[in-house]
Amino acid sequence: MPTIQVENLSKLYLLGEHGRGTPERRPVWAAVTGAVTGPARRLFGRLAPGRNGRPAAPKPDNHLWALKDVSFAIEPGEMVGFIGRNGSGKSTLLKILTGIVEPTEGRATIRGRVGSLLEVGTGFHPELTGRENVFLNGSILGMGRKEIARKFDEIVAFSEVEAFIDTPVKRYSSGMYVRLAFAVAAHLDPHILIIDEVLAVGDGAFQRKCLEAMERIAGTGCTVLFVSHAMESVRHLCRRAIYLRSGRLVGDGPTAEVIHSYLTGSTAVTDQDPDTTPVGEWWDRQGNGQARVVGLDIADAAGRPVRRLPIGSTLRLTLHAEFSRPVVDPCFGVLIHNDEGQTILDLRSFHGGLASGRVEGRVSVEATVDRLGLYPGHYRFSPWICTGDMTEVLDWVVLCRNLEMLGFAGPDADRQIDPSDGVYWAPSAWRVC
Amino acid sequence: MNTNRSAPPAPPDAPLLPVGGDPPAEVGNGPAVADVPVRVIEATKGWRLIDFGELWRCRELLYYLALRDIKVRYKQTSLGAAWAVVKPLAVMLAFSIFFTRLARPDTPYALFAFAGLLPWMLFAEGVSAASGSVLANQHLVTKASFPRLLLPLSASTVAVVDFLIASGVLVLLLAWFGVFPGWQIVFAPFLVLGLICASVGLGILLSALVVVVRDLRHAVPFVVQLGLFLTPTVYMPADKVVSETAATWLPLNPAYGLIANFRRSVLGEPLDLYSLAVSGTVAVLLLVVGCLYFRRVERIFPDII
C-alpha cells in the first residue's frame, strides 16, 4: 500500500484582491460609488466565503490553478525529489500534503506520521532562549514533550550551540540559528518527512551535515519528499523525481531523467548519467548528423582530466568530433550551464579566432580558458558543432558532462567567494588614484 | 530542424507528454504500515464543531504556545510579571481620585473599583490578545500544521495568568479594608470560568473575523475600551445609576452580568440572578458561535492571510 496516494489534486487561487478590475481605468463616478459600495460588498463577500475562499461566482480570468489534476503514489521508504521553477506548484503541493492548505479538488491519502520542514525554525521566537525554542519548535513539528527531553542533548550537540543554549535566539548569528533549527528537525522521526528548500541555508560544512542527516533519516526507512532548486542535492539524495510545471505534473521517474527534462525542457526517455556515459553515446542530441561529437575532455592546465576545478584556474577543453562528410570552416563550441539550466558561458571557436578550413573524418579541437571564473557550484556542458555561417546545427549534445567548481585554491586560498554573491568572477587590478 | 543564427537552437518548449503516476523502479523497506495513522486530505465544506480529540492530542503544543506568550510578554522588562498588578492598581487609583462620589457608603470605593477592574481586565485582555492571535502567528498558519484553535486559546492564557497574579492583590485589599467575603465567595471561581468562556468565545470569533475582514483589527481595541463603560467596573450596578431599561438589556454584554456578580460574590452580597442568567447564556453562545465560525473559515486562513 502506498504511503502517499495523491489523486487528481487541484488547488484554485484567485488572483488580485477578490479579482476586481484595474481601478485606474474606471470612470470617476464609478470610483466614488465603488468607494461606498465596494467595502460593503467586500465585507459581506468575505464574511461568508464559499468553499476554499471561492466566492459564489468566480470569473474565470481571475483563476489560477496552482495545482491541477496531479496524481502520483509514493511507496514506503522512497525518497522523492520535487522539482520545478518558482510558481510551478511544488510548495502548494507540499502544503496540501502537510495539511496546511486544503485542496480545491481531489484527494490525498497519507499513511503515517508526517514531519514537515517547510521552513527552518518554524515558530522560533527571537525572545525565547535556545532551550525554550527547541521545545516550542519540537512540539510544533509534532514531537511530544518527553520525546524532546530525551533527544535534547543530541539536538544541542548536533547544532553546536551548547554554550548559547540559554541565550535568547535573537542574539544568535544567523548560522547558529539555522543550525539549531535544523537540529530539531533532524531529530524528528516521522514516517514521512516533507522538506522544502532548507538546504539553501547555512555554510557549506553545515549543508553537508544536513545532507548527511537527511540520508540518515532516509536510511531508517522513512519516506522523504524533498523540494529543491539545487538539482545536485536532488540527484544526490533521490532515486525518483517528480517535475511540476504550471501546476501540472509533467515528469515522474528516475531522477537523472527527470532532472534532464527539467533542465532542457524536453521529454526525457533515458537514465544516462553525465558522469559515466560517453559523449558519443549521449542520448539527448540534435543536428543534421553530418558530424558527431564523440568526446569532450575537461582538463586542468596540465592537461589532467578533472571533475572538480578551483575557481580562477585554467580550463582546457578538448572536443573530439567525427565528420561523415567534408565541411568548410565549421564552428565548434561548448555551452556551460549552471545547476538550474541557465546558460552561463558560450565558448565558440570563432570567438577564439579558429579557422579550421576544410574538415573531414576525425578531428579534435582544444579550447583553453585562462582563469575560469565560474562561481563554486555544479555546471553542465553541452558541446556543439555548427556550419560556418551558423545556420545549421551539425551536432549538439545537451548537458552531457559535469564539472564542479570549487573555491579558490593554492596561493589564493584565503580569498572568500560565496556562490550567493555572484555568478562569474574576473581578475581585477586595483590601485589608489 | 531548428535554425538559429547566433547559437545552437534552444530546445523546443513544446508541451510534454503527460506522465502519469508510474510506479517507481525500486522501493525501499519502509516501517511497518500496520498501526500508523491514516489521514485523508480533501476539500471539506460546511460547519464543523471542535475536534476535541485533535485538541487533546495537541495539548502539549498548547502548553508551549501559551508558555511562549506568557514568557515573551514581560521579557526584558524590569518589573516583569508585576505589571499584571500595576495596571489594574493604576486604573483603580485614577478612578478612586475622580469617581469617589459614586461610591456606596458601605464599601470602600477603591476595593469596589478593583473588584470590578480585575475581572474586566481578564475579559478585555483575553479578547484583545485572542482576537489578534491568528494574524500575529501568520508564519505558523502558513508553515505548520496544527489545530488553529490553539492560537486564540494560548493567547487567552496570558490574561488568565495576569488575573491570577492580580487576584493576590484583591485578597490583600480585602484584608486592608477589613472586608471579609461571605459564603458567596464560593461562586467566584465559577463566575471567573464564565468570564473566561465569554472572553475566549469572543476572542475566537474575532480572531477569525479579523483575518477575513482586516478592518476589524482597527475596530477591536477601541470597542473593547468602550466596553469598559458598558460594564459595571467602576460605577454602581446599572439599576441604581441608569434606567430600568438599561438594567434589562445591559446583561446582553456577557461581561456585565458576570463581572457584577463576581464583585457581589467577593464583597459578600447576594447574586443578581437575572443578569447572571442572561450573561451566562450569552457567554456560552459566544463560545459555540465563535468556535463554529472559526472552524468554518480556518480552512482558508493560509490562502487569504
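Residues numbered from 1 in each chain as written. Chains lettered and ligands numbered in written order. Predicted model: local features only at pLDDT ≥ 70, side-chain atom pairs only at ≥ 80, totals over all residues. Heavy atoms only, no water.

Describe the overall build of chain A, naming the residues involved and giving the relevant values.
Looking only at helices and strands, chain A has 8 helices and 19 strands in total. Looking at chain A as a whole, 53% of its 433 residues are labelled buried. Residue pairs in contact within chain A that sit at least 24 positions apart in sequence constitute 72% of those at least 6 positions apart. Accessible area of chain A: about 19200 Å², with a carbon and sulfur share of 52%. (Helix = DSSP H or I, 4+ residues; strand = E, 2+ residues; numbered from the N terminus. Buried < 20%, exposed > 50% of the residue type's maximum accessible area, 1.4 Å probe, protein only. Contact = heavy atoms within 4.5 Å. Areas by Shrake-Rupley, 256 points an atom, 1.4 Å probe, with all protein chains shown as cover.)

Quick rundown of the packing of aromatic side chains? Include the residues and the values.
Under the defined criterion, the tally for this structure stands at 14 aromatic pairs over all chains. Aromatic side chains Phe124(A) and Tyr177(A) sit 5.2 Å apart centroid to centroid with 70 degrees between the ring planes, which places their arrangement in the edge-to-face category. Of this pair, Phe124(A) sits in the loop between strand 5 (114-117) and helix 3 (130-140) while Tyr177(A) sits in helix 5 (residues 174-186), placing them 53 residues apart in sequence. With a relative accessible area of 26%, Tyr177(A) lands in the partly exposed category. A network of ring pairs unites the aromatic residues Phe135(A), Phe152(A), Tyr63(B) and Tyr64(B) as a single cluster. Above the ring of Tyr63(B), the side-chain terminus of Arg145(A) is found at 5.0 Å from the ring centroid. Positioned over the ring face of Trp56(B) is Arg59(B), at 4.2 Å from the centre of the ring. (Phe/Tyr/Trp six-rings, centres within 6.5 Å; stacked < 30°, edge-to-face > 60°. Lys NZ or Arg CZ within 6 Å of the ring centre and 35° of its normal.)

Could you give me a rundown of the sheet that holds strand 16 (residues 358-369) of chain A, with the residues and numbers involved?
All names here are of chain A. In spatial order, the strands read 11-13-16; together these 3 strands make up an open sheet with antiparallel pairing. Of all the strands in the sheet, the pair left with one neighbour each is strand 11 (291-299) and strand 16. Taking each pair of neighbouring strands and ignoring which way they run, the sheet shows an average axis angle of 15 degrees. Relative to strand 16, strand 13 (residues 315-328) runs antiparallel, the two being bridged by 11 bridges. Considered in strand 16, the bridge of Thr318 is made with Glu366. (Pairing = 2+ DSSP bridges. Axes fitted to C-alpha atoms, helices over the stretch in contact; angles between N-to-C directions.)

Give a description of unusual backbone geometry that names residues and reports values.
Residues and elements named next belong to chain A. Its identity as a non-glycine residue notwithstanding, Glu160 has a phi of 60 degrees, on the positive side. When you line up the elements, Glu160 lands in the loop between helix 4 (145-159) and helix 5. On the basis of relative accessible area, Glu160 is assigned to the partly exposed category, the value being 44%. In this structure, Asp329 takes a positive phi of about 45 degrees despite not being glycine. Its place among the elements puts Asp329 in the loop between strand 13 and strand 14 (331-337).

Can you break down the domain arrangement of chain A residue by residue, with the values?
All names here are of chain A. Once the domains are mapped, chain A shows domain 1 (4-265) and domain 2 (285-411). Where domain 1 abuts domain 2, roughly 840 Å² becomes buried across the two surfaces, and 51% of that area is made up of carbon and sulfur atoms. It is Glu232, His260 and Leu263 in domain 1 that bury the most area against domain 2; as a group they hold 55% of the surface buried on that side. Put simply, domain 1 and domain 2 have 0 salt bridges between them. Put simply, domain 1 and domain 2 have 0 residue pairs in polar contact (both at pLDDT 80 or more) between them. Of all the secondary-structure elements, those providing two or more residues to the side of domain 1 that touches domain 2 are helix 7 (231-237) and helix 8 (255-264). Across the side of domain 1 that touches domain 2, the residue classes tally to 4 nonpolar, 3 polar and 3 charged. (Domains from an automatic or database assignment. Buried area = accessible area lost by both parts, 1.4 Å probe. Salt bridge = Lys/Arg side-chain N within 4 Å of Asp/Glu carboxyl O. Polar contact = N/O pair within 3.5 Å; in protein donor to acceptor, adjacent residues only side chain to side chain. Nonpolar A, V, L, I, M, F, W, Y, C, P; charged D, E, K, R; others polar.)

An account of the packing of helix 8 (residues 188-212) of chain B against helix 13 (residues 273-297) of chain B is requested, with residue identities and associated values reported.
Residue and element names in this part refer to chain B. Where helix 8 contacts helix 13, the axes come no closer than 8 Å and their chain directions differ by 35 degrees. Note on packing geometry: the crossing formed by helix 8 with helix 13 is left-handed. The residue inventory of the contact of helix 8 with helix 13, partitioned by class, reads 20 nonpolar, 4 polar and no charged. (Left-handed = near helix turned anticlockwise from the far one by under 90°.)

So what's going on with helix 5 of chain A? Residues and values would help.
Residue and element names in this part refer to chain A. Relative to the 18 Å expected for 13 residues at 1.5 Å per residue, helix 5 spans 18 Å between its end C-alpha atoms, a close match to the ideal helical length. In terms of residue burial, helix 5 counts as a mostly covered element, since 10 of its 13 residues are buried. Within helix 5 the residues assigned to the buried category are Met176, Val178, Arg179, Leu180, Ala181, Phe182, Ala183, Val184, Ala185 and Ala186. (Expected span 1.5 Å × (residues − 1).)

Outline the pattern of salt bridges, listing residues and values.
On inspection of all chains with the given rule, the structure shows 25 salt bridges over all chains. Close ionic contact of Asp300(A) with Arg304(A) constitutes a salt bridge, the shortest N to O distance being 3.1 Å. What makes Asp300(A) buried here is its relative accessible area of 11%. For Glu298(B), the salt bridge goes to Arg295(B), with nearest N and O atoms at 2.7 Å. Here Glu298(B) matches Arg295(B) in class, with each residue buried. Where salt bridges share partners, they join Arg73(B), Lys87(B), Glu125(B) and Asp162(B) into one cluster.

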